[in-house]
Amino acid sequence: GSMRYAHRFAGRPWFALLLSALALGLSGCGPKLSAVASVASVEVVRTPVELAGSSGHHPVSGEERTQAGQKIVVADKAQALLHHDVGARLLIDGGGEVEVTASGIKLLKGRLWVDANGGRVEVESGVHTLLASSAGFEVTAADSTRLSVIRGEVAFVGKGRGVVHAGEQLILSGDAPK
């Protein structure tokens with residue numbers, strides 16, 4: 001049957017590459033691409049990483065363009081690197097879940113390292129938004145949002161506002177809507 005046929009090719013990387021090349025080729029011809037512009041590309045550091053959107057979800061192999069509103073789900077012990085067009089790289093650690101936005105990402109759960117160079121990136125977590133244009137920082141979202149700034153400075157707005165500098169940590173609580 002067709003199931004066995006699909007299974008026979010599953011272990012062959014060139015077949016997957018061929019499929020993604022075909023998919024890219026097909027989507028490349030349509031004018032509908034401009035309607036939903038992609039804002040970032042996600043690269044798998046360690047599998048499995050899934051991309052979920054309105055049209056269902058699928059595993060990412062290699063690198064793939066993402067649109068605002070799509071979710072990246074990183075399995076335990078996996079890792080994904082998001083190259084955002086605003087000019088930032090965001091490493092999503094195992095067990096993490098994020099939603100890609102036009103200006104950065106929304107951290108739904110897990111831990112994230114951000115390397116912002118030049119462009120302004122926004123990381124939403126709970127009721128807070130973190131803003132940075134030239135900084136390196138780590139964000140963990142659990143019961144509260146924990147921010148550690150490694151390089152540069154990161155501004156936050158939400159319940160209160162302020163700036164966190166290199167070498168400082170901040171715990172932003174009150175993420176649960178009352």
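Residues numbered from 1 in each chain as written. Predicted model: local features only at pLDDT ≥ 70, side-chain atom pairs only at ≥ 80, totals over all residues. Heavy atoms only, no water.

Enquirer: When you look at the overall build of the chain in this model, what are you seeing that I'm missing?
Expert: Within the chain one finds 2 helices and 14 strands. The contacts of the chain with a sequence gap of at least 6 include a subset with a gap of at least 24, amounting to 39%. (Helix = DSSP H or I, 4+ residues; strand = E, 2+ residues; numbered from the N terminus. Contact = heavy atoms within 4.5 Å.)

Enquirer: Would you mind showing me how to read the pattern of salt bridges here?
Expert: For side chains of opposite charge, pairing can occur when their charged atoms come near one another. Under the criterion given, the structure shown has 6 salt bridges. For D115, the salt bridge goes to R151, with nearest N and O atoms at 2.6 Å. One end of the pair, D115, is in strand β9 (residues 104–125); the other, R151, is in strand β11 (residues 145–151), and 36 residues separate them in sequence. Take R151: its relative accessible area is 34%, and that puts it in the partly exposed class. Of the charged contacts in the structure, one is a salt bridge between R120 and E122, with a shortest N-O distance of 2.7 Å. (Salt bridge = Lys/Arg side-chain N within 4 Å of Asp/Glu carboxyl O. Buried < 20%, exposed > 50% of the residue type's maximum accessible area, 1.4 Å probe, protein only.)

Enquirer: How should I be thinking about the side chain of Q79 in this particular structure?
Expert: Within the element layout of this structure, Q79 appears in strand β6 (residues 79–84). Judged by its relative accessible area of 14%, Q79 is buried. Excluding its chain neighbours within four sequence positions, the residues that come into contact with Q79 are V44, V45, R46, V49, V74, L91, I92, D93, G94 and W113.

Enquirer: It is not clear to me how the environment of V100 should be interpreted in this structure. Could you clarify?
Expert: Structurally, V100 is set in strand β8 (residues 97–101). The exposure class assigned to V100 is buried, which follows from its relative accessible area of 0%. When the C-alpha positions of V100 and T66 are compared, they lie 7.4 Å apart, and in sequence the two are 34 residues distant. Look past the residues within four positions of V100 in its chain and what remains in contact with it is V39, A40, T66, Q67, A68, G69, Q70, I72, L82 and I105.

Enquirer: Explain the side chain of E99 to me, please; I cannot follow it from the model alone.
Expert: Among the structural elements, E99 can be located in strand β8. One buried charged residue, E99, remains without a salt bridge, the closest side chain of opposite sign being K106 at 4.3 Å. Beyond its immediate stretch of four places on either side in the chain, E99 contacts G69, Q70, K71, G104, I105, K106 and L108. (Lys, Arg positive; Asp, Glu negative; His and termini not counted.)

Enquirer: Explanation requested: the environment of R161 in the structure shown.
Expert: Structurally, R161 can be placed in strand β13 (residues 160–165). For R161 and L130, which are 31 residues apart along the polypeptide, the C-alpha to C-alpha distance reads 9.6 Å.

Enquirer: How should the pairing of strand β3 (residues 56–59) be read in this particular structure?
Expert: Regular strands have side chains that alternate between both faces of the sheet. Examined bridge by bridge, strand β2 (residues 49–53) and β3 share 4 bridges and lie antiparallel to one another. When the bridges of β3 are listed, L51 appears paired with H58. Hairpin connection from β2 to β3: 2 residues lie between these consecutive antiparallel strands. (Pairing = 2+ DSSP bridges.)

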